[in-house]
Structures are given as C-alpha cells and as structure tokens.
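The chain contents come next:
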Amino acid sequence: MTQAVATHAAPKSFIRRYIFSTDHKVIGLQYLFLAMVAVAIGIVLSLYMRLRLAWPTERWPLLAKLFPNAMAGGTISPEFYLSLVTMHGTIMIFFVLTTAPLGGFGNYFLPIQVGAHDMAFPVLNMLSFWVTLAGFLVLMAAFFVSGGAPISGWTAYAPLSAVGEIAGPGLGMGQNLWILSIALFCIASLLGALNFITTTLNLRTKGMSMTRLPLTVWAWFTTAVLALLAFPVLLAGGILLLLDRVGGTSFFVPGGLIVSDKILPHKGGSPLLWQHLFWFFGHPEVYIAILPGMGITSHVLSTFARKPIFGYRAMVAAIFAIGLLGFLVWGHHMFVSGMSPYSAIAFSLLTLSIGVPSAIKTFNWLATLYKAQIRFTVPMLFALGFVSIFVTGGLSGIILGQTSLDIPMHDTYFVVAHFHLIMGVAAIFGIFAGTYYWFPKMFGRMMNETLGKLHFWLTFIGIYAIFIPMHVMGIAGHPRRYAETAGFDFLAPLQPLHVFITIAALITAGAQLLFFFNFFWSIWKGKKAEVNPWRATTLEWTIPSPPPHDNFGPQTPVVHHGPYEYSVPGAAEDYILQTAPPAPTKA
C-alpha cells in the first residue's frame, strides 16, 4: 500500500474558505447544495409535465408566470412539454443522480474513510465543482434563449438534435447550450474521477488495506473508473454533434434528409452512430448513478443491523462485475433500431447476466438482515426502501432485457416506470439514506427523526403509487413522450390513471418539502450530535462533528480492523472502531 499526505494550509479569507475552497469537505457540500437546487427544479418541471398529462386542455395562468413565453395563454403546448421532458431528464441524471452521491458524499467522506487529509489533487477538485456549476448554469440558460429549451430528449437523438432550428423550437441555440453544458459536465467528471481513483489508491492511511475499505469507498472508486471511461465517449460524441450543427459536417445526419420541405446539405452520416456513442456512455451512467447508492445501502444496513455485512468480498466482486458488464450492454437500448438479431441476442444475454451480481448483492443484504437486531432509524428505513425499489425495478429490467418483449414495450410507459425505479428513485433513496446518516457528521447536529420517518413513508408509498400504474399503462400500450393522447380511442380508459399518478406525484413532491425543512432547520436548530451517534465503526466517526479542516489533525489514524466489525463475541461493545487497538493475542 502506498501512503502519502496531501495537505494545504487552512484558508483565512471567507472566499478561499467557503467559495473557492480546496477543502474536500466544503467542495462536497457545494456539490450537495447544487444537487438540492437541481432536484428542486427537476421536481417542478416534472409536475408541469404531470399537469399536462392529467388535464391536457386546462389553463394554468398562475404557473405560466414562470414560463411566460412557453406557456402563452396559460396552456402547456406539446413543444413545451417535450422541452420539459428534455430538461427534467438532463437535470436529474447529470446534476442530481451523478452529482450528489459521487461529487457530494464521495468528496466529503472518501478521503476521511481512507484516512487521508484531503483529495490527492485539491485544486483540480475545486475546478471540478466550478466547471460542474458552469455546466448547470449553461443548461439553465437554455430556458431563456430564443426558441427555448431543446425538445430532443435527454438522449438528444440525431438527426433531430443535429440539424438545427429548422427541425423545431429549442433546436437552435437551446440545443447548442445543451451540448455545451454536457461537455462541461464531462470535463468536470473526468477531473473528479482522477481525484477519486488516485486518492483511493495512494492516500490510504497505515493499516487501511484494500480489504479494509468500507463498501462506500469501493462503490465510489468503481464509479470513478466508470466515469473515467464513459464520459470521454460522450464528450467526443457531443463535439461531433456540435460540428454537425455549426461546422457543416455529417457525422450523424444522413444524405438526402428532407426537413420542412427542404433538402438538407448533409451526406453520409449515420444517426445510429450517435446512438452507439451515447449509449456506450449511457448505460454505464446508470451504474454511475446507482453504485454509490449500493455502497451507502450496504454501509447503513450493516450499521443498523448491528451485524457484519454478509459476504464482504462477494459484495466487492459484485460491484466490479456490475461495473464491467455495464460497458457491454449498451445495445439493449437499441433493440428497435434495426440491429442484427444475432447482435441483439448477444446484448440480451449480457444484459441478463447483470442479474447475477445484482442478485448476489440483494441476497447478501437480506442475509445481513437475517436474525439482526435492526434499529429502524430514518437512514435505515431509506436503505431498506432502496433494496425494495431496486428489486422491483430490477424485475422489470429482466423483461426489457429480452428482445421479444422489449420491442413491443420499448416506446411505452413500461420503460419510463422501469427506468425511474431502478435508476432514479433507487438512487434517490440511497442519497436520502446517506443524507440522514452523515448529517450529524457534516453539521454536528441531528435531523428530526419524526419528520424524517414521515418523509420516508409518504415518499415510499407515493413512489409505488406513481410507478406501479405506469407499468400497467405500458403493458396496455400507452406510448411515452406524447404530450396528449386524445386522438387514440384505446387510450381513453387509461386517462384516470394519469390523474391518479399526478395526484400521487403532487403528494410525493409535497413530502419533499418536509425533507428540505428538516434539513435546513436542523442545521441551526437540530439537537447537537455526538461524535459517533450511530455507534458506527469507520474513520469518520473517530473525529469531531463537523470534522476540522485537516480531518485528523497532526495524528494520522492507524487502522487495525475491518469496516463492519459489529457484535463481535467478547468485545466490550457491539461495535469496534477501525482504529481501536487490536485485541491482545493469547500466550
């Protein structure tokens, strides 16, 4: 094991301490607050979409004040609906599901959990956040330019995204800003990935062997490897897409394409090339979003079950297997693209094989809980919720992984429901589990348990109330991406489900106000936290709350134990800190 120390002097000025800080903890909080702003915007956009789907002809003059140009007359036009779909998906996937669990929790806790004083490259770490913020602001600017936000979806499929504003509103400057935003995000993610990998490999403290790393660190490390390999492909694809739009090239636009009765001056491009490039990034992105949640869930389950995590080495192997297989299955997003059926069978088999490491993780979580003395704290409830939603979403993934079933369901709400459960909601539950678990360490105060439990149950029930009916709608053949389905008689009986889902979404969104109130109220008014309120074992619980600038001060921690030594026979308490002296050996 290599050991080194990356330190920098404590900042004096407010700007260097809280704004342009190189302290990994401040940067982690900056990422978390950015993700909170982003998720609030993403939720609001999703509610606009739900209102359109439930009551398509209704006028909303009050809501139109937020988007006066796009909602002229108070109605949500089909074009504006598509732009909402694009922006909601982009914001949630990049600036929430990727930003919070990796940039937020990873930045704050990975160095502490490996016993380091900071990230390996603090300045790059700071730049990573500010480039991410720039990407977010550029994306938001798309709402305010001529034509508005793009309508090509978060996948920006070509040729719609490649031919410019002739194809529709939002496909001019709005689409350019979308590409620029994603390019900035890719660059920031690469900077962050280098930091995570180097810190994990080079800055572990004495005694912190790889087999003593918490599963959270393994998850962040694997996620960083995925980001390092996946984001350059998206960045390259984005540059080629921009060249098609402004440079006259034809990477993704075929020859002879007619749009609005005009033959476009492109030739030789392939829209499928964009799909290959995008999904080579896109499927690993699913695991970039959810692997940190798996790590947090494993960590929290073991802590509150007061048992060692079952099958530690198998859990590490499963994390790596999921990450590796994630790069081999992008083709299952393209079953309907006309690919060779032999290629489709290969992608289908590889996709179904991901079920093996996923099942290992699930069974190990259940084995950890078996005969455990479970403490039903709020972080534990969200970790249990993660397991429930991950399994539910994974079951529908087995269906979509088969070509014969995916083809008729691909363009339906079945995919929307599966995608949101397995990637979006499960990852969000991991973020909530991490927030409630680490809040005492980050702010030195406890969040309110009663509000937290109310937040959990309203959210847990609301999520199933939203997405189970969506599965039913998908099986019934309801197409996705449509702003209105009044022209299809066979969909008329499904309209009450749209109303039901929208009411459930409004209640679930309202429940998130409880979380925001609890979070900010507890920062100042919450009960003061002990150093180790959960009686946990890993290194962050050996230092004050919140941690000092240099984490461990002049004392470098020495690790003698694994990360999940709970209920060890003969031990004085039911947990052993990783830094506790080793038990004396018998003569």
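Note: the structure precedes this text.
First, a word on what this report is: a plain description of the structure on this page.

Reading guide: rules and limits
- For every chain, the first residue of the written sequence is number 1, and numbering continues from 1 along that sequence.
- Where local features are concerned, this predicted model is filtered to residues with pLDDT of at least 70; where side-chain atom pairs are given and counted, the filter is 80 or more; whole-chain, interface and lining totals use all residues.
- Water and hydrogen atoms play no part in the side-chain values, which are based on all heavy atoms of the structure.
- The rule is simple: put a 1 Å grid over the protein atoms alone, call a set of points where a 1.4 Å probe fits but cannot get out a cavity, call an open set with protein on both sides within 12 Å along at least five of seven lines a pocket, and count a residue as lining if it has an atom within 4 Å of a point.
- Grid points are joined across faces, edges and corners, and a volume is the space filled by probe spheres set on the points.
- Secondary structure is summarised from DSSP: a helix means a run of H or I of at least four residues, a strand means a run of E of at least two, and numbering begins at the N terminus for each.
- For this scheme, ten residues count as nonpolar: Ala, Val, Leu, Ile, Met, Phe, Trp, Tyr, Cys and Pro. Four count as charged, namely Asp, Glu, Lys and Arg, and the remainder, Gly too, count as polar.
- Polar contact is the term for a pair of N or O atoms within 3.5 Å; when the atoms are in protein, one must be able to donate a hydrogen and the other to accept it, and sequence-neighboring residues count only if both atoms are side-chain atoms.
- Stacked, edge-to-face and tilted labels apply to pairs of Phe, Tyr and Trp rings (six-membered ring for Trp) whose centres lie within 6.5 Å, assigned for plane angles under 30 degrees, over 60, and everything in between, in that order.
- Type-normalised accessible area, obtained with a 1.4 Å probe on protein chains alone, sets the label of each residue: buried when under 20%, exposed when over 50%, and partly exposed for intermediate values.
- Angles here are taken between N-to-C directions and fall from 0 to 180 degrees, while the axes themselves are lines fitted to C-alpha atoms, restricted in helices to the stretch in contact.
- Convention used here: angles under 35 degrees read as roughly parallel, angles over 145 as roughly antiparallel, angles from 65 to 115 as roughly perpendicular, and any remaining angle as oblique.
- Helix crossings are classified by the rotation of the near helix relative to the far one: an anticlockwise turn of less than a right angle makes the crossing left-handed, while a clockwise turn makes it right-handed.
- Residues with no salt bridge and a relative accessible area higher than 30% make up the patches, which join like charges within 9 Å and nonpolar side chains (Val, Leu, Ile, Met, Phe, Trp, Tyr) within 5 Å.
- Per-residue and other accessible areas follow the Shrake-Rupley method at a 1.4 Å probe size, with only the shown protein chains counted as cover for residues.
- Whenever a carboxyl oxygen of Asp or Glu lies within 4 Å of a side-chain nitrogen of Lys or Arg, that contact is scored as a salt bridge.
- A helix is expected to reach a length of 1.5 Å times the quantity of its residues less one.
- What the bend at a residue measures is the angle between two axes, fitted to the seven residues ending there and to the seven starting there.
- Contacts are residue-level and defined by heavy atoms, with any inter-residue pair within 4.5 Å sufficient.

### Some remarks on empty space enclosed by the protein
- Applying the stated criterion to the full structure yields 4 cavities of 30 Å³ or more.
- The computed volume of the largest cavity comes to approximately 150 Å³.
- Contributing to the lining of the largest cavity are 16 residues, with Tyr31, Leu102, Gly103, Ser128 and Ser189 lying nearest its centre.
- At 6 residues, helix H6 (residues 173–202) tops the list of elements feeding residues into the lining of the largest cavity.
- Residues belonging to the lining of the largest cavity are distributed by class as follows: 7 nonpolar, 9 polar and no charged.
- Roughly 60 Å³ of internal volume is contained in the second largest cavity.
- Lining of the second largest cavity is provided by Trp178, Ile179, Ile182, Ala183, Leu234, Leu235, Gly238, Leu241 and Trp274.
- A per-class count over the lining of the second largest cavity returns 8 nonpolar, 1 polar and no charged.

### Details of the side chain of aspartate 118
- As for its position among the elements, aspartate 118 is in the loop between helix H4 (78–114) and helix H5 (122–141).
- A distance of 3.5 Å separates a polar atom in the side chain of aspartate 118 from the backbone nitrogen of histidine 24.

### Some remarks on the packing of aromatic side chains
- Tallied over the entire structure, the rule returns 64 aromatic pairs.
- Pairing tyrosine 108 with phenylalanine 109 gives two aromatic rings, centres 4.6 Å apart and planes at 40°, and the pair type is tilted. This pair shows no difference in class: tyrosine 108 is buried, exactly as phenylalanine 109 is.
- Between phenylalanine 460 and tyrosine 464, the ring centres sit 5.3 Å apart and the planes meet at 80°, which makes this aromatic pair edge-to-face. Of this pair, phenylalanine 460 and tyrosine 464 both sit in helix H15 (residues 449–475), 4 residues apart, which is roughly one turn of the helix.

### Quick word on the packing of helix H12 (residues 378–400) against helix H14 (residues 413–443)
- One way to put it is that H12 packs onto H14 with a least axis distance of 8 Å and a crossing angle of 160°. The orientation of H12 with respect to H14, classified from their angle, is roughly antiparallel. For H12 against H14, the interelement crossing comes out left-handed.

### Remarks on a nonpolar patch on the surface
- Residues Trp55, Leu454, Leu458, Ile503 and Ile507 make up a contiguous nonpolar surface patch of roughly 420 Å² in combined accessible area.
- Elements with a minimum of two residues in the nonpolar patch: H15 and helix H16 (495–525).
- Mapped onto the secondary structure, isoleucine 503 falls in helix H16.
- The exposure class of isoleucine 503 is partly exposed, given its relative accessible area of 41%.

### Some points on helix H7 (residues 215–246)
- End to end, H7 covers 45 Å across 32 residues, agreeing with the expected 46 Å (1.5 Å per residue, within 8%).
- Where H7 bends most, at alanine 230, the angle is about 25°, and the proline proline 232 comes one to four residues later.
- Two residues or fewer after H7 comes glycine 248, characterised by a positive phi angle close to 80°.

### Describing the layout of surface pockets
- Taken as a whole, the second largest pocket encloses approximately 420 Å³ of empty space.
- If you go around the second largest pocket, you meet 18 residues; those closest to its centre are Arg17, Tyr18, Asp23, Val26 and Leu29.
- Elements supplying a minimum of two residues to the lining of the second largest pocket: helix H1 (14–19), helix H2 (24–54) and H14.
- Considering only residue class, the lining of the second largest pocket consists of 12 nonpolar, 3 polar and 3 charged.

### Looking at the environment of arginine 375
- Along the chain, arginine 375 falls in the loop between helix H11 (355–369) and H12.
- With sequence-adjacent residues up to four places away left out, arginine 375 is seen in contact with Phe304, Arg306, Met380, Trp534, Arg535 and Asp574.

### What about the pattern of salt bridges?
- Under the counting rule described, the total for this entry stands at 7 salt bridges.
- We note a salt bridge from lysine 25 to aspartate 23, for which the minimum N-O separation is 3.1 Å. Residues lysine 25 and aspartate 23 agree in their burial class; the two are buried.
- Here glutamate 530 and arginine 535 are joined by a salt bridge, their closest N and O atoms 3.1 Å apart.
- The structure contains a network of salt bridges with shared partners spanning Arg306, Arg375 and Asp574.

### Details of the packing of H4 against helix H8 (residues 271–305)
- Contact geometry of H4 with H8 gives a least axis separation of 10 Å together with a crossing angle of 45°. The orientation of H4 relative to H8 falls into the category oblique. As H4 runs across H8, the sense of the crossing is left-handed. Across from Ile93, Phe94, Leu97, Thr98, Pro101, Phe105 and Gln113 in H4, the residues of H8 making contact are Phe281, Glu285, Ile288, Ala289, Pro292, Ile296 and His299.
- For the contact of H4 with H8, a count of residues per class yields 10 nonpolar, 3 polar and 1 charged.

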